[in-house]
Amino acid sequence: KPLVFSGVQPTGNLHLGNYLGAIKRFVEMQATHDCIYCVVDEHAITVWQDPFELRRQIREVTAAFLAAGIDPKMHIVFNQSQVPEHAELAWVFNCVARMGWLNRMTQFKEKAGKDRENVSVGLFAYPSLMAADILVYRATHVPVGEDQKQHLELARDIATKFNNDFSASIVAQGHNAEEGYFPLPEPLTQGPAPRVMSLRDGTKKMSKSDPSDYSRINLTDDRDAIAQKIRKARTDPEPLPSDVEGLKERPDADNLVTIYAALAGTTKEAVLGDHGGSQFSAFKPALADLAVSVLSPINDRMKALMAEPDHIDAVLADGSERAGAIAGKVMDDVRDIVGFIQSR
Ligand code: TYM
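Cut-off values and rules
- Position numbers for residues start from 1 in each chain and track the written sequence from start to end.
- Local features in this predicted model are restricted to residues whose pLDDT is 70 or higher, and side-chain atom pairs enter the listing and the counts only when it is 80 or higher, whereas totals over whole chains, interfaces and linings include all residues.
- The side-chain numbers reported here are obtained from all heavy atoms of the structure, hydrogens and water having been left aside.
- UniProt positions are given in the numbering used here, feature names are shortened, and annotations may be inferred rather than shown by experiment.
- Working rule for contacts: check all heavy atoms of both residues, and any pair within 4.5 Å makes them a contact.
- The helix count covers DSSP runs of H or I at least four residues long, the strand count covers runs of E at least two residues long, and both are numbered beginning at the N terminus.
- Only protein chains enter the calculation, and the probe is 1.4 Å; a residue is then buried if its accessible area is under 20% of its type maximum, exposed if over 50%, and partly exposed in between.
- Identification of polar contacts relies on pairs of N or O atoms within 3.5 Å, with a donor-acceptor requirement for protein atoms, meaning one able to donate a hydrogen and the other able to accept it, and with residues adjacent in sequence counted only if both atoms are side-chain atoms.
- Only a single heavy atom is needed: when it lies within 4 Å of a molecule or strand, its residue is near that molecule or strand.
- All accessible-area figures derive from a Shrake-Rupley calculation using a 1.4 Å probe, and residue coverage is judged against the displayed protein chains alone.
- We call Asp, Glu, Lys and Arg charged. Ala, Val, Leu, Ile, Met, Phe, Trp, Tyr, Cys and Pro are nonpolar, and the rest, Gly among them, are polar.
- Helices are assigned an expected span. That span is 1.5 Å times one less than the residue count.
- What counts as a disulfide here is a pair of cysteine sulfur atoms lying within 2.5 Å.
- By this definition, two strands are paired if DSSP reports at least two bridges between them.
- When the strands point away from the viewer, a crossover counts as right-handed if the route from the first strand across the helix to the second turns clockwise.

Right, let's get into the UniProt feature "binding site: L-tryptophan" (unreviewed entry) in the protein. UniProt records the feature "binding site: L-tryptophan" (unreviewed entry) for Asp133 in the present numbering. Residue contacts for Asp133: discarding those within four places in its chain leaves Phe5, Val40, His43, Gln80 and His86.

Put into structure tokens, the structure is as follows:
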């Protein structure tokens, strides 16, 4: 079975974009792949995190994974910092990746803003660690939202350059010359909602860091909050079109239809087949009911899990041990390939 890896940061609120763009797909992929799902706590600290809050958020993302339906026994659920090989391989990759490559990362440019002199070195090197997360398992399939595509391209560039830079040594270690040591990981963004937009502005991504809580539906929102946020979502005055063509140039309407389709597990065409011609005053309550019916059972299970932090920590410990067993072997290979001496 092909190996899947993906990660979610334990920072701020998990929202509907994280769920539809990533976590829902994580759940689906379990049927056909071996999956490793990681709470990337080392990525989180590229921006300062309150330690007490960080610990709670690591557990909350873990609870969301489990509540959404990820099976930590059949697959692996763990937090990044418990497998030190991620950071170790990231160092090697920092020495493979070029400054110019990282300079081009749009997420860094957005997050650093104008104050480049004052962001952490970790924020700049972030994509190297992300490449290490995936490649320390030699994973090939990476379900992510569209905003992570550029980071995945960089991971492929790093894998390619590593394979080239160390080709003679890779062969000397008994690996196939053509394939190299690292596979080129593929982003899987073809889910129903790879880019969920803000409820306040259909041209902006739904994001944890948007100052307006009305811009997103959090996985921790209760029924009333979900309904209220959908009621207040920005729309235009026209009724819904009868086909997908009619959503062009109507980003807010497009976003709500996309969300509806993704939550219902159907297509935008089908949603417009049922709701084309409706006013938003009729469509929004239907969307709110659907969102509540999908999200509130997850929300209830998350709450129950959060009441048992010891259970969550035990899941992470078990997952970390199994992840570490895979990562340890890969890192042994990498040390040999690079030319380090290690006693065995
Ligand atoms: P993060 O924590 O920002 O987001 C987690 C996942 O949610 C997706 N996502 C969205 N999808 C659709 N619409 C949106 N508005 C939206 N917002 C977020 C993200 O694309 C992501 O899939 N760098 C990663 C975490 C990471 C990782 C990895 C992912 C670290 N190492 C290795 C894959 C493989 C991040 O910051 O995701």
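From this point on, the discussion continues.
Turning our eyes to something else, we now look at the side chain of His15. Looking at where His15 falls in the secondary structure, it is placed in the loop between β1 (3–8) and α1 (16–29). Relative accessible area serves as the criterion here: at 4%, His15 is assigned to the buried category. A polar contact is formed between the side chain of His15 and the backbone nitrogen of Gly17, at a distance of 3.0 Å. Every residue in contact with His15, bar those within four places of it in the chain, is listed here: Met206, Ser207, Lys208, Arg216, Ile217, Asn218 and Leu219.

Surrounding the ligand, one finds 28 residues, the nearest of these being Tyr126, Asp133, Gly145, Asp147 and Val196. Interatomic distance of 3.1 Å between a side-chain N/O atom of Lys208 and an oxygen atom of the ligand. Its free accessible area being 710 Å², the ligand has 97% of it covered by the protein chains. For the shell around the ligand, the elements supplying multiple residues, two or more each, are β1, α1 and α7 (121–135). Of the residues in the shell around the ligand, the class split is 13 nonpolar, 10 polar and 5 charged.

Quick look at helix α3 (residues 51–68) now. In this model, α3 (18 residues) spans 26 Å end to end at C-alpha, consistent with the 26 Å of a helix rising 1.5 Å per residue. Listed as buried for α3 are Leu54, Gln57, Ile58, Glu60, Val61, Thr62, Ala63, Ala64, Phe65, Leu66, Ala67 and Ala68. Gly69 sits one or two positions beyond α3 and adopts a positive phi of about 120°.

Right, let's get into the state of the cysteines. One pass over the full model with this rule turns up 0 disulfides. With no disulfide of its own, Cys35 lies closest to Cys38 among cysteine sulfurs, the gap being 14 Å. For Cys35, a relative accessible area of 3% gives the class buried.

Where β1 and strand β2 (residues 34–39) come together, 6 bridges link them in parallel fashion. Each bridged residue has a counterpart across the sheet, and for Val8 the counterpart in β2 is Val39. Of the crossover connections in this fold, the one passing from β1 over α1 to the parallel β2 is right-handed.

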